[in-house]
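Examining the three-dimensional arrangement
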Amino acid sequence: MKNSLIQKYNVPGPRYTSYPTVPYWDETDFSDKIWTETLKKSFAASNSSEGISLYIHLPFCESLCTFCGCNKRITKNHAVENPYIDAVLKEWTFYCKILGEKPTIKEIHLGGGTPTFFSPKNLEDLINGIFSHANKAKDYEFSFEGHPNNTSHEHLQKLYDLGFRRVSFGVQDYSEKVQKAIHREQPFHNVAKVTFWAREIGYTSIGHDIIFGLPFQEIEDIIDTIEKTKSLQPDRLAFYSYAHVPWIKGNGQRGFNDEDIPKDEKKRILYETGKKLLYENGYREIGMDHFALKTDSLYDAFQNGKLHRNFMGYSSSKTQLMIGLGVSSISDSWYSFAQNVKNLEDYYQVLEWNKLPVFRGHLLTNEDLIIRKHILNLMCQFETSWKNKEGYFNEIPDVILQLKEMENDGLVILKDYNIEVTEKGKPYVRNICMAFDLRLKRKAPETELFSMTI
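The rules behind these values
Residues numbered from 1 in each chain as written. Predicted model: local features only at pLDDT ≥ 70, side-chain atom pairs only at ≥ 80, totals over all residues. Heavy atoms only, no water. Helix = DSSP H or I, 4+ residues; strand = E, 2+ residues; numbered from the N terminus. Rg over C-alpha atoms; globule rule 2.2 N^0.38 Å. Buried < 20%, exposed > 50% of the residue type's maximum accessible area, 1.4 Å probe, protein only. Contact = heavy atoms within 4.5 Å. Areas by Shrake-Rupley, 256 points an atom, 1.4 Å probe, with all protein chains shown as cover. Core = buried A, V, L, I, M, F, W, Y, C linked by side-chain atoms within 4.5 Å. Axes fitted to C-alpha atoms, helices over the stretch in contact; angles between N-to-C directions. Parallel < 35°, antiparallel > 145°, perpendicular 65-115°, else oblique. Left-handed = near helix turned anticlockwise from the far one by under 90°. Nonpolar A, V, L, I, M, F, W, Y, C, P; charged D, E, K, R; others polar. Pairing = 2+ DSSP bridges. Salt bridge = Lys/Arg side-chain N within 4 Å of Asp/Glu carboxyl O. Patch = residues over 30% accessible without salt bridge, like charges linked within 9 Å, V, L, I, M, F, W, Y side chains within 5 Å. Phe/Tyr/Trp six-rings, centres within 6.5 Å; stacked < 30°, edge-to-face > 60°. Lys NZ or Arg CZ within 6 Å of the ring centre and 35° of its normal. Expected span 1.5 Å × (residues − 1). Arc of directions from axis to C-beta.

Looking now at the overall build of the protein chain. When you go through the protein chain residue by residue, the secondary structure sums to 15 helices and 19 strands. For a compact globule of 454 residues, the expected C-alpha radius of gyration is about 22 Å, and the protein chain comes in at 21 Å, within 12% of that figure. Along the three orthogonal principal directions, the C-alpha set of the protein chain runs to about 55 × 50 × 40 Å. For the protein chain, with 454 residues in total, the buried portion stands at 59%. Of the contacts formed within the protein chain by residues at least 6 apart in sequence, a portion of 74% connects residues at least 24 apart. By element, 50% of the accessible surface of the protein chain is carried by carbon and sulfur atoms, the whole surface being about 19,100 Å².

Next up, the structure:
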């Protein structure tokens, strides 16, 4: 039965960092004017009460990891740091001028690329530059992604002094064979060192990212990686499926062959083995592919129904407005999305023209907003309801019909006006969300867009 479920549901599907997903944005109704109008609308409604979030994309890496599909620029030339920070701060001043008053920042996340490619001094200049035009919320939460091979004690101390209390380190897998295949060679010693440093300095939430389904990965590799992880006791873990998307331009997924990648039942066994070991070591599932100790704020947010998900990942607090700075970053006003240009030279050029570097976006319809809430509920709480009119849409009977088949397979429990994802169904939450995805249903992809769901 398990094999047949995997064969049945292992289809290409979105990861739902947004709804609508980026390939289904309708750019015909979007303009810079619409973006700034929804930006100001959201800011006026939320700045004084909850503040805003900032995602800052720092794209540079010294070497190419061949499992990565993110926007990055590979270079060992650190002279690129200062011009990039100047450009990001220039973009930020444009936003502050549009908003008309000092924003209150609740969340900052530094992503990449490799944020710790930048020197501690330059990261300090970046954050100080941001707050020369902004205030900190009382309950702010700042986080960054650190590469274990180049995150120094000075990086950790400097960012801690600037208010950062969360850090996540990309581990992926400790097998030397797997690391070589994905061009991410880093010994356990490096991960242990930065983890202990962060804990010693006072970081309250330390995360590790682990991937299952990587080339050449075996059950023994997952067991070894989880055992080593147990010895370091990170507060939270991302344990997610490798997304094999070699058709995306520039992602570099060429360091191995397709037949080297675990598939179907073998890949599912890797996940179930890792999940079982995580549970035995005190971690609890708190959203798709995410686990946390009961002492972590993300676990509390999940228990209290306050877990949120956006382009930065899972968060223990929600802000209506998220502004993305830097090349390729995506912003979210709740009512619309806007994405920056993806090419670094284009990013610099548009800023030279004294314009926001936005090149596409999407204005959410009323239907989009309803579906978005359902998908967020499923991703963050493993349940959703359409009892109230705010949750109802015309196609809900067709969705229920599709969900009934999933109920027969033991993936969900359907009641009169709501759905709950079962323990058996959690690995299939992307498929369950797809039942609500009206845009995907109305226009199936004509080319390869998404990684496999299982």
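What follows covers the nonpolar core. One finds Trp 92, Ile 105, Leu 110, Phe 164, Tyr 203 and Ile 323 to be the most contacted residues of the largest nonpolar core, which totals 55 residues. Element by element, the count of residues in this core is highest for helix α3 (residues 81–99), at 10 residues. With residues near it in sequence (within four places) discarded, Ile 105 still touches Ile 52, Leu 54, Trp 92, Ile 130, Phe 131, Ala 134, Asn 135, Lys 136, Ala 137, Tyr 140 and Phe 142. With 50 residues, the next largest nonpolar core counts Tyr 9, Leu 378, Phe 393 and Met 406 among its residues.

Next up on the list: the packing of helix α8 (residues 219–232) against helix α9 (residues 264–280). Here α8 crosses α9 at 25°, and the two axes come no closer than 9 Å. It follows from the interaxial angle that α8 and α9 lie roughly parallel. The chirality of how α8 crosses α9 is right-handed. Judged by residue contacts, Ile 219, Ile 222, Ile 223, Ile 226 and Glu 227 of α8 engage Ile 269, Leu 270, Thr 273, Gly 274, Leu 277 and Leu 278 from α9. Taken together, the residues that form the contact of α8 with α9 break down as 8 nonpolar, 2 polar and 1 charged.

It is worth spelling out the sheet that holds strand β17 (residues 383–385) at this point. With antiparallel pairing, 3 strands are arranged side by side in an open sheet as β17-β19-β18. In the strand order of this sheet, the two ends are held by β17 and β18 (412–414), each with one partner. Neighbour-to-neighbour, the strand axes of the sheet open up by a mean angle of 10°, direction not taken into account. The pairing of β18 with strand β19 (residues 418–421) spans 3 bridges and is classified as antiparallel. Bridge pairing in β19 places Ile 413 opposite Glu 420. Packing against the sheet, helix α12 (residues 366–381) makes contact with β17 and β19, and its axis sits at approximately 150° to β17. Relative to the sheet, helix α13 (residues 396–408) contacts β18 and β19, its axis offset from that of β18 by approximately 125°.

Right, let's get into the pattern of salt bridges. Should their charged atoms come close, side chains of opposite charge can pair. Enumeration according to the criterion identifies 19 salt bridges in this entry. With its nearest N and O atoms 3.0 Å apart, the salt bridge here joins Lys 121 to Asp 125. Placement of the pair is Lys 121 and Asp 125 together in helix α4 (residues 120–131), with a separation of 4 residues, close to one helical turn. Residue class for Lys 121 comes out partly exposed when judged on its relative accessible area of 47%. As a salt-bridge pair, Arg 166 and Glu 141 come within 3.2 Å of each other at their nearest N and O atoms.

What follows is about the packing of α3 against α4. At a minimum axis separation of 10 Å, α3 and α4 run at an interaxial angle of 10°. The orientation of α3 relative to α4 falls into the category roughly parallel. Across the interface between the two elements, Glu 81, Asn 82, Ile 85, Val 88, Leu 89 and Trp 92 of α3 pack against Asn 122, Leu 123, Asp 125, Leu 126, Gly 129 and Ile 130 of α4. For the contact of α3 with α4, the per-class residue count stands at 7 nonpolar, 3 polar and 2 charged.

Judged by side-chain polarity, Ile 219, Ile 223 and Ile 269 come together as a nonpolar surface patch covering roughly 190 Å² of accessible area. Following the sequence through the fold, Ile 223 ends up in helix α8. Assessed through its relative accessible area of 35%, Ile 223 is described here as partly exposed.

What follows deals with the packing of aromatic side chains. The geometry of an aromatic ring pair comes down to the distance between the two centres and the angle between the two planes. Tallying each qualifying case throughout the model produces 25 aromatic pairs. Centre to centre, the rings of Phe 311 and Phe 337 are 5.6 Å apart; their planes meet at 85°, and the pair counts as edge-to-face. In this pair, Phe 311 sits in the loop between β11 (308–310) and β12 (313–315) while Phe 337 sits in strand β15 (residues 336–340), placing the two residues 26 residues apart along the sequence. Put simply, the rings of Phe 131, Tyr 140, Phe 142, Phe 144, Tyr 160, Phe 164 and Tyr 203 touch in pairs and so form one group of aromatic residues. Between Lys 41 and the ring centre of Tyr 335, over which it is positioned, the NZ or CZ distance is 4.0 Å. The ring of Tyr 314 has Arg 309 lying over it, and the distance from NZ or CZ to the ring centre is 5.0 Å.

This next bit is on α13. Between its terminal C-alpha atoms α13 stretches 18 Å, which fits the 18 Å expected from 13 residues at 1.5 Å a residue. Among all positions of α13, only Ile 396, Val 399, Leu 403 and Met 406 are buried. Seen end-on, α13 carries its buried residues on one side only, within an arc spanning 65°. Turned more than 90 degrees from where α13 packs its buried face, Asp 398, Leu 401 and Asn 408 sit exposed.

With 16 residues, α12 extends 22 Å from end C-alpha to end C-alpha; this agrees with the ideal 22 Å at 1.5 Å per step. For α12, the set of buried residues is Asp 368, Leu 369, Ile 370, Ile 371, Arg 372, His 374, Ile 375, Leu 376, Leu 378, Met 379 and Cys 380. Immediately beyond the C-terminal end of α12, within one or two residues, lies Phe 382, with a positive phi of roughly 60°.

Purely geometric stuff here, so don't read any function into it on its own.
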